[in-house]
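So the chains spell out like this:
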Amino acid sequence: MTPTQIGRSPLPLMWQLYPDGRYRSSDSSFWRIVYHVKIEGVKNMLLEQLPAD
């Protein structure tokens, strides 16, 4: 999907994996995955935005 097909989202569209399981988003904030499952092809994920250093 393209960004225009996805529509407006409060989450950044690009992520980069960093050490310790952290992800850096395109706006330079850091996140971690708290919960992630896939059931019958549907993904469910809970992300937590980490405080700025």
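Just above sits the structure.
Remember, it's a predicted structure, so these values are computed and weren't measured experimentally.

A. Broad picture of the side chain of Ser29. Along the chain, the position of Ser29 falls in the loop between strand E2 (22-25) and strand E3 (30-39). Accessibility expressed as a relative area gives 11% for Ser29, which makes it buried. A polar contact is formed between the side chain of Ser29 and the side chain of Ser25, at a distance of 2.8 Å. A distance of 3.5 Å separates a polar atom in the side chain of Ser29 from a polar atom in the side chain of Gln49. The contact partners of Ser29, leaving out residues within four places of it in the chain, are Tyr23, Arg24 and Gln49.

B. Fine view of the environment of Leu46. Structurally, Leu46 is set in strand E4 (residues 42-49). Separated by 14 residues in the primary sequence, Leu46 and Arg32 place their C-alpha atoms 8.8 Å from one another.

Conventions we followed
- Residues numbered from 1 in each chain as written.
- Predicted model: local features only at pLDDT ≥ 70, side-chain atom pairs only at ≥ 80, totals over all residues.
- Heavy atoms only, no water.
- Helix = DSSP H or I, 4+ residues; strand = E, 2+ residues; numbered from the N terminus.
- Buried < 20%, exposed > 50% of the residue type's maximum accessible area, 1.4 Å probe, protein only.
- Polar contact = N/O pair within 3.5 Å; in protein donor to acceptor, adjacent residues only side chain to side chain.
- Contact = heavy atoms within 4.5 Å.

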